[in-house]
Amino acid sequence: KAGVTQTPRYLIKTRGQQVTLSCSPISGHRSVSWYQQTPGQGLQFLFEYFSETQRNKGNFPGRFSGRQFSNSRSEMNVSTLELGDSALYLCASTPGGAPSNEKLFFGSGTQLSVL
Amino acid sequence: GESVGLHLPTLSVQEGDNSIINCAYSNSASDYFIWYKQESGKGPQFIIDIRSNMDKRQGQRVTVLLNKTVKHLSLQIAATQPGDSAVYFCAEIVNTGGFKTIFGAGTRLFVKA
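Keep in mind it's a predicted model, so treat the numbers as computed, not measured. (Residues numbered from 1 in each chain as written. Chains lettered and ligands numbered in written order. Predicted model: local features only at pLDDT ≥ 70, side-chain atom pairs only at ≥ 80, totals over all residues. Heavy atoms only, no water.)

Asks: How should the side chain of Ser19 of chain B be read in this particular structure?
Replies: All names here are of chain B. Residue placement: Ser19 occurs in strand E2 (residues 19–24). There is a polar contact of 2.7 Å between the side chain of Ser19 and the side chain of Thr80. Ignoring sequence-local partners within four residues, the contact set of Ser19 consists of Leu11, Val13, Leu75, Gln76, Ile77, Thr80 and Leu109. (Helix = DSSP H or I, 4+ residues; strand = E, 2+ residues; numbered from the N terminus. Polar contact = N/O pair within 3.5 Å; in protein donor to acceptor, adjacent residues only side chain to side chain. Contact = heavy atoms within 4.5 Å.)

This is the structure in structure tokens:
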């Protein structure tokens, strides 16, 4: 089985722009979670989608949004980029049917740099 | 944000020695805990998990210990190898109106050959 695939691998944007990141989960997985990883704040939960619905979200501003398609692929969007949005954005998938005890399968992430 | 992300502690061990990585978790109601390993340029990968009805679980060269009284997890790696060099995260699944995985700050393990 192919693993979680994230594209693009690297992105450079300027302040005020917007960006869309893509994630393809493991085949058969219906849940996709997004995390932001920075040296100062560690791994922070952004949101989780299951069967095209946002099932949970973290404490991020509304500039951060996401969606999930019928094939379970997910995208996240960040609008009006700020310097502090520079981070590694990680996507993880799980089967999704038992969220209280499922381990996450991560992609390699998208490294976003905001200049 | 909701993760505890402060200065990343580092553990340096000699190849062949045993490593112990410690973690304090936050939610006394959590009942599923996981250790992940993150190598440079990759996302975190599952190592081992443990449920709250256990206090010890063993895998291949790894053991996780859970002490619910003091909300403490530890990961023991036997006969540490250079390939074990990575950042290790403990994680707990919490229910805050929906389940999500919350990560600890991480510990960088450096193995000296």
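Don't stop here, the text continues.
Asks: Help me understand the nonpolar core, please; the structure alone is not making it clear to me.
Replies: Soluble globular proteins tend to pack their nonpolar side chains together in the buried interior. Residues Trp34, Leu46, Phe64, Met76 and Tyr89 of chain A are the most contacted members of the largest nonpolar core, which totals 21 residues. Counting only elements with at least two residues in this core, the list comes to strand E3 (19–24), strand E4 (31–38), strand E5 (42–50), strand E8 (74–78), strand E9 (87–94) and strand E11 (110–114) of chain A. Listed in part, the 19 residues of the second largest apolar core include Trp35, Leu73, Ile77 and Leu109 of chain B. (Core = buried A, V, L, I, M, F, W, Y, C linked by side-chain atoms within 4.5 Å. Buried < 20%, exposed > 50% of the residue type's maximum accessible area, 1.4 Å probe, protein only.)

Asks: How should the packing of aromatic side chains be read in this particular structure?
Replies: Any pair of aromatic rings gets described here by the distance separating the centres and the angle formed by the planes. Under the definition given, this model contains ten aromatic pairs over all chains. Centroid distance Phe106 of chain A to Tyr36 of chain B: 6.0 Å. Interplanar angle 85°. Geometry classified as edge-to-face. Placement of the pair is Phe106 of chain A in strand E10 (residues 105–106) and Tyr36 of chain B in strand E3 (residues 32–38), with the two residues belonging to separate chains. Ring geometry for Tyr25 of chain B versus Phe33 of chain B: centroids 4.4 Å apart, planes at 50°, classification tilted. Neither Tyr25 of chain B nor Phe33 of chain B differs from the other in exposure class; each is buried. Joined through ring pairs, the aromatic side chains of Tyr35, Phe45 and Phe106 of chain A together with Tyr36, Phe89 and Phe103 of chain B make up one cluster. Across from the ring centre of Tyr10 of chain A, 5.3 Å away, lies the NZ or CZ of Arg9 of chain A, which sits over that ring. A cation over an aromatic ring shows up here: Arg55 of chain A above the ring of Phe50 of chain A, its NZ or CZ 4.2 Å from the ring centre. (Phe/Tyr/Trp six-rings, centres within 6.5 Å; stacked < 30°, edge-to-face > 60°. Lys NZ or Arg CZ within 6 Å of the ring centre and 35° of its normal.)

Asks: Looking at this model, I keep getting lost on the interface of chain B and chain A. Mind explaining?
Replies: How big an interface is tends to be stated in terms of the accessible area lost upon association of its parts. Contact residues are listed per partner, giving 23 residues for chain B and 26 residues for chain A. Interface area, chain B with chain A, both sides summed: about 2000 Å², of which 51% is carbon and sulfur. The tally of links from chain B across to chain A stands at zero salt bridges. Seen at the junction of chain B and chain A, the total is seven residue pairs in polar contact (both at pLDDT 80 or more). If you list the elements that add at least two residues to the side of chain B that touches chain A, you get E3, strand E4 (45–51), strand E8 (86–95) and strand E9 (99–103) of chain B. Split by residue class, the side of chain B that touches chain A holds ten nonpolar, nine polar and four charged. (Buried area = accessible area lost by both parts, 1.4 Å probe. Salt bridge = Lys/Arg side-chain N within 4 Å of Asp/Glu carboxyl O. Nonpolar A, V, L, I, M, F, W, Y, C, P; charged D, E, K, R; others polar.)

In short, shape yes, function no, at least from these values alone.
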